[in-house]
Amino acid sequence: MSQIRFDSRLERKKEALDYHSEGRPGKTEVIPTKPCHTARDLSNAYSPGVAWPCLEIAENPEQVYKYTNKGNLIAVISNGSAVLGLGKIGALAGKPVMEGKGVLFKKFADIDVFDIEINETTIEGMVNTIAALEPTFGGINLEDIKAPECFEVETQLRERLKIPVFHDDQHGTAIITSAAFINAVEVIKKKINKLKIVFSGAGAASIACAKLLIAMGVDKKNIIMCDSKGVIYQGRTDGMNRYKEEFAIETKLRTLEEAMDGADAFVGLSQKGVLNAKMVKTMAKNPIIFAMANPDPEILPEEVAEVRDDAIMATGRSDYPNQVNNVLGFPFIFRGALDVRATTINEEMKIAAVNALARLAREQVPHDVRLAYGNRDFKFGREYLIPKPFDKRVLSHVAPAVAKAAMDSGVATKKIEDLSTYALSLEERLGNASSFMRDIRSKLPKDKRPRLVYTDGSHFKVLKALSTLRDEGVIEPIVLGDSDEIQAAIKKFEIDNLDDLTIVCPTEHPRFEEYCETYYNERQRKGLSKEYAIDTMSRATYFGPMMVKMGDADGMITGLGKTYSKAFKPVVRVLGNRNKKKASGVVILTFKNKVVFLADCTLQSNPPAADLVETAVNTVELYRQLMDKEPRVSFLSYSSFGSNRTVSAQKMSEAVRILQANHPDIIADGEMQADVAVNNELLSSLFPFSQLDKSADILIFPCLSSANIAYKLLVQLGGATPIGPILTPMDYPINILQRTANEEEIISMSHLTAIISQRAKEAKNEKRH
């Protein structure tokens, strides 16, 4: 995922409000995990069938993990007294934040969440309310509760409850900060127990960070903690509480400026601007500066750079290196804790998370992670101390480390026998579909960017998509149209990274006359006059394909706002079909745990068996290009293996026979019904003789109507995400968008077109050699 770009404060506000309000209000919903379609289903889900699991749990409480969702359910609880940088806005106003926390739990660790906002400000009231919820949840995530109440609430809950209680504002921040800090110490080659560390801020996060750093090896005597009133020293009474007293030291220092003189490190969790360049100048050699106030840090990295070239910096912001982001912690810590049914999250588990994150940052960063962040080449060092949130390895590294620590420290009530197998299961838990496009992007070369031409250059969706693609740095876009019109659109939509976008007006292109002559020569015996060739080639929809044909672009994206047939016509007329192969439209559908290719969804109305075979072969080749593995192919019908002998069913059976005879390397079978094709159990139990050893990856439909209807129904009713249709085989990498395609679909189609272009070039080079 690329860095998010907001073009103005007003647009940012509108986009955020639309995001929360459009469609179903809010960001989460509850979805049943069991079927509830019949009266029998209903009687099992509720009365009378529900009585049986109730009785089992009453007899043995541990059975609650077998019969309910408790083992994968977290409560995110807040009273709204300290919400992000918004302060005391109340429980109701804080609800969007708690919903958002639930989204992150689900997205990064597949943990279900109920967000609970409580109108309670007293410690006793909060503790009693939350404690009463223990039967429902596998863990409690406390959120945005102000200090010092948060300390006491968490302490009392941990004493009373037998499930993990975790205040993320304290411990999540501490874990990520500590991981980055020990790596910073490694980079500068200093001894952690000798470092003089100054803290700015003495709230929940600061105190938790200090305690965890002490557990990691920092000498408590070397910590100077400051709050808004200055250094916390022994004997101070103003603004003190028992939590600050723990860090009061005997010293003559009274101000942050005095404390900073000679300091090795600064940890800021306070407010904007409390640290200045003068203070930074007085710090020791190779200072560590963690300025983590949000949204604006205690000092900006560029301010530090003006006076120090040896400093290592971290902030809470995504637009600077070393972002201390809590999403690197809480989803994976709870995942590990839940999976061993830990009764608490103890120091050993926190330290395990710190070390796992720190170790991961020292490993080589996969290409797909670099790509998700603008194709930056991350390497362990001053500007890369901690992993990135979209590094999918974090789940499989941190959760097992936390689970192991829980088992080793005796707080786990369930044992994981094989942690390596467990780590693999975590990767599978989020499904292949969630990373499908990221894996596609990871295949794109970063040294030579494919040139893709876009025919709808002034459309705001295209320009927004190109902004993201430009940030990624893996595609070189070319847009067709009037330069003044496109530049005006860029200015209107306030897109600030397309100033040097390549814009081509067809009639002003240096090869325009050559293009016209080429088109005329190829179609002069098909009723095309020279004048009409010139007029036609001046249109972007014709000029774009010619750019690809003549080698001035590597691929093309077209079709926005047009019917598919209208967009396809210029492509066929310009490019023709040298190999006389019949093109088809492949739609890729991504589900949570499955990626399926469907064909033909757009072009051939009622193809005979031989053409279906050609479609299948071409789709298999596309699958191999994109997925780097062998697919299973199913030829679909309303009949399964001869149960009906109609013309349609026999056509699909004949197609299978031809394919198996001419392409024995392809694993395929049919004819078969759709439910059999995608269900392993049905396939193996009803048709054990089938050539398919598991459910199909490619579905070949008997006609255009069935394919088009099926994929659109699956998108609208089945929760599938569509990518495509992708034209195959084409002599040139050109794809047509759906007329209503959104920015994300344009980006996805661009990535796919680019990878197809790359693979086509590789194939040509192999033939030459």
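The structure presented is a predicted model; accordingly, all values stated were derived computationally and were not measured.

Undergrad: I tried to follow the side chain of Glu134 on my own but got confused; where do I start?
TA: Its place among the elements puts Glu134 in the loop between helix H6 (123-131) and strand S3 (139-142). Notably, Glu134 is buried but unbridged: the nearest opposite-charge side chain belongs to Lys70, and the N-O separation is 6.1 Å. Ignoring any residue separated from it by four or fewer positions in sequence, one finds Glu134 in contact with Lys70, Leu161, Lys162 and Ile163.

Undergrad: Could you clarify how one ought to interpret the sheet that holds strand S10 (residues 312-315) in this entry?
TA: Hydrogen bonds along the backbone pair up the strands of a sheet, which may run parallel or antiparallel. In spatial order, the strands read S7-S6-S5-S8-S9-S10; together these six strands make up an open sheet with mixed pairing. Pairing within the sheet leaves two strands with one partner each, and these edge strands are strand S7 (230-231) and S10. Two elements, strand S6 (residues 223-227) and S7, share two bridges in a ladder whose sense is antiparallel. In the sheet register, Asp227 faces S7, and the bridge partner there is Gly230. Lying on the sheet, helix H8 (residues 168-188) is in contact with strand S5 (197-200), strand S8 (265-268), strand S9 (288-291) and S10; it crosses S9 at an angle near 160 degrees.

Undergrad: Looking at this model, I keep getting lost on the pattern of salt bridges. Mind explaining?
TA: One side chain can pair with another of opposite charge once the charged atoms of both are near each other. Scanning the model with the defined rule gives 42 salt bridges in all. Lys350 serves as the salt-bridge partner of Glu347, at 2.9 Å between the closest nitrogen and oxygen. In this pair, Glu347 and Lys350 are both assigned in helix H15 (residues 347-361), three residues apart and thus about one turn of the helix distant. On the accessibility criterion, Glu347 (38% relative accessible area) is partly exposed. Judged by relative accessible area, which is 4%, Lys350 ranks as buried. Across the salt bridge formed by Asp456 and Lys562, the nearest N and O atoms sit 2.7 Å from each other. With a gap of 106 residues between them, Asp456 in the loop between strand S11 (451-454) and helix H20 (460-472) and Lys562 in the loop between strand S14 (555-558) and helix H25 (564-575) connect regions that are remote in the sequence. Per residue, the accessibility class of Asp456 equals that of Lys562, and both read buried. One salt-bridge network, in which partners are shared between bridges, spans Lys95, Glu99, Asp115 and Glu117.

Undergrad: What am I meant to see in the nonpolar core here?
TA: Taken as a class, soluble globular proteins show a tendency for nonpolar side chains to be buried jointly. Grouped together as the largest cluster of nonpolar side chains are 102 residues, with contacts concentrated most on Ile140 and Phe181. If one sorts the elements of this core by residue count, H8 sits on top with 10 residues. The residues touching Ile140, leaving out its near neighbours within four places in the chain, are Ala75, Ile77, Ile130, Leu161, Ile163, Pro164, Val165, Phe166 and Phe334.

Undergrad: Is there a simple way to think about the packing of helix H26 (residues 609-627) against helix H27 (residues 647-662) in this case?
TA: Helix-helix packing is characterised by the crossing angle of the two axes and by the distance between the axes. Direction vectors running N to C along H26 and H27 enclose 55 degrees, while the axes themselves pass 8 Å from each other. With respect to their mutual orientation, H26 and H27 come out oblique. In this structure, H26 meets H27 at a crossing whose hand is right-handed. Within the contact between the two elements, H26 uses Ala609, Ala610, Leu612, Val613 and Val617 and H27 uses Lys651, Met652, Glu654, Ala655, Ile658 and Leu659. Class assignment of the residues belonging to the contact of H26 with H27 gives a composition of nine nonpolar, no polar and two charged.

Undergrad: Is there a simple way to explain H8 in this structure?
TA: In an α-helix there are 3.6 residues to a turn, and that puts residues three or four apart on one side. The end-to-end C-alpha distance of H8, which contains 21 residues, comes to 29 Å, matching closely the 30 Å that a straight helix rising 1.5 Å per residue would cover. With 18 of 21 residues buried, H8 lies mostly within the body of the structure. Of the residues one or two after H8, Lys189 is the one with positive phi, at around 60 degrees.

Undergrad: What's the story with helix H21 (residues 483-492) in this structure? I'm lost.
TA: Three or more residues of H21 are buried, namely Ile486, Ala489 and Ile490. Down the axis, H21 shows its buried residues gathered within 100 degrees of arc, on one side only. Exposed and oriented more than 90 degrees from the buried face of H21 are Asp484, Lys491 and Lys492. Packing partners of the buried residues in H21 comprise H20, strand S12 (476-480) and strand S13 (502-504). For H21, the side-chain oxygen to backbone nitrogen distance between the N-cap and Asp484 is 3.2 Å, and the N-cap itself is Asp482. After H21 finishes, the residue Glu494 shows a positive phi value of roughly 55 degrees.

Undergrad: Just checking my understanding: could you explain the packing of H15 against helix H17 (residues 393-408) for this structure?
TA: With their axes 8 Å apart at the nearest point, H15 and H17 run at an angle of 150 degrees to one another. By the angle between their axes, H15 is roughly antiparallel relative to H17. Pair H15 / H17 crosses with right-handed handedness. Mapping the contact onto sequence places Glu348, Met349, Ala352, Ala353, Ala356, Leu357 and Leu360 in H15 and Arg393, Val394, His397, Val398, Ala401, Val402, Ala405 and Ala406 in H17. Looking at the contact of H15 with H17 residue by residue, the class counts come to 12 nonpolar, one polar and two charged.

Undergrad: What exactly am I supposed to notice about the environment of Pro722 here?
TA: Along the chain, the position of Pro722 falls in strand S20 (residues 721-728). Its relative accessible area of 21% is what places Pro722 among the partly exposed residues. Along the chain, Pro722 and Thr590 lie 132 residues apart, while their C-alpha atoms are 6.5 Å from each other. Aside from chain neighbours lying at most four places away, what touches Pro722 is Val587, Ile588, Leu589, Val715 and Glu745.

Undergrad: In this structure, what is going on with a negative patch on the surface? I would like to understand it.
TA: Side chains of Asp482, Asp484, Glu485 and Glu508 sit close together on the surface and give a patch of like negative charge. With respect to the element layout, Glu508 can be found in the loop between S13 and helix H22 (512-523). Judged by its relative accessible area of 66%, Glu508 falls in the exposed class.

Undergrad: Just checking my understanding: could you explain unusual backbone geometry for this structure?
TA: Negative phi characterises most residues that are not glycine, and trans characterises most peptide bonds. With an omega dihedral of -10 degrees, the bond running from Ala599 to Asp600 counts as a cis peptide bond. Position of Asp600 among the secondary structure elements: in the loop between strand S16 (594-599) and H26. The residue Asp110 is not glycine, and still its phi comes out positive at about 55 degrees. Among the secondary structure elements, Asp110 is positioned in the loop between helix H5 (95-109) and strand S2 (112-117). Here Asp110 falls in the buried class, since its relative accessible area comes to 8%. Unusually for a residue other than glycine, Phe641 sits at a positive phi of about 50 degrees. Mapped onto the fold, Phe641 is located in the loop between strand S17 (632-636) and H27.

About the criteria used
- Residues numbered from 1 in each chain as written.
- Predicted model: local features only at pLDDT ≥ 70, side-chain atom pairs only at ≥ 80, totals over all residues.
- Heavy atoms only, no water.
- Helix = DSSP H or I, 4+ residues; strand = E, 2+ residues; numbered from the N terminus.
- Buried < 20%, exposed > 50% of the residue type's maximum accessible area, 1.4 Å probe, protein only.
- Lys, Arg positive; Asp, Glu negative; His and termini not counted.
- Salt bridge = Lys/Arg side-chain N within 4 Å of Asp/Glu carboxyl O.
- Contact = heavy atoms within 4.5 Å.
- Pairing = 2+ DSSP bridges.
- Axes fitted to C-alpha atoms, helices over the stretch in contact; angles between N-to-C directions.
- Core = buried A, V, L, I, M, F, W, Y, C linked by side-chain atoms within 4.5 Å.
- Parallel < 35°, antiparallel > 145°, perpendicular 65-115°, else oblique.
- Left-handed = near helix turned anticlockwise from the far one by under 90°.
- Nonpolar A, V, L, I, M, F, W, Y, C, P; charged D, E, K, R; others polar.
- Expected span 1.5 Å × (residues − 1).
- Arc of directions from axis to C-beta.
- Polar contact = N/O pair within 3.5 Å; in protein donor to acceptor, adjacent residues only side chain to side chain.
- Patch = residues over 30% accessible without salt bridge, like charges linked within 9 Å, V, L, I, M, F, W, Y side chains within 5 Å.
- Areas by Shrake-Rupley, 256 points an atom, 1.4 Å probe, with all protein chains shown as cover.
- Charge placed at Lys NZ, Arg CZ, Asp CG, Glu CD.

Keep in mind these numbers describe shape, not what the thing actually does.
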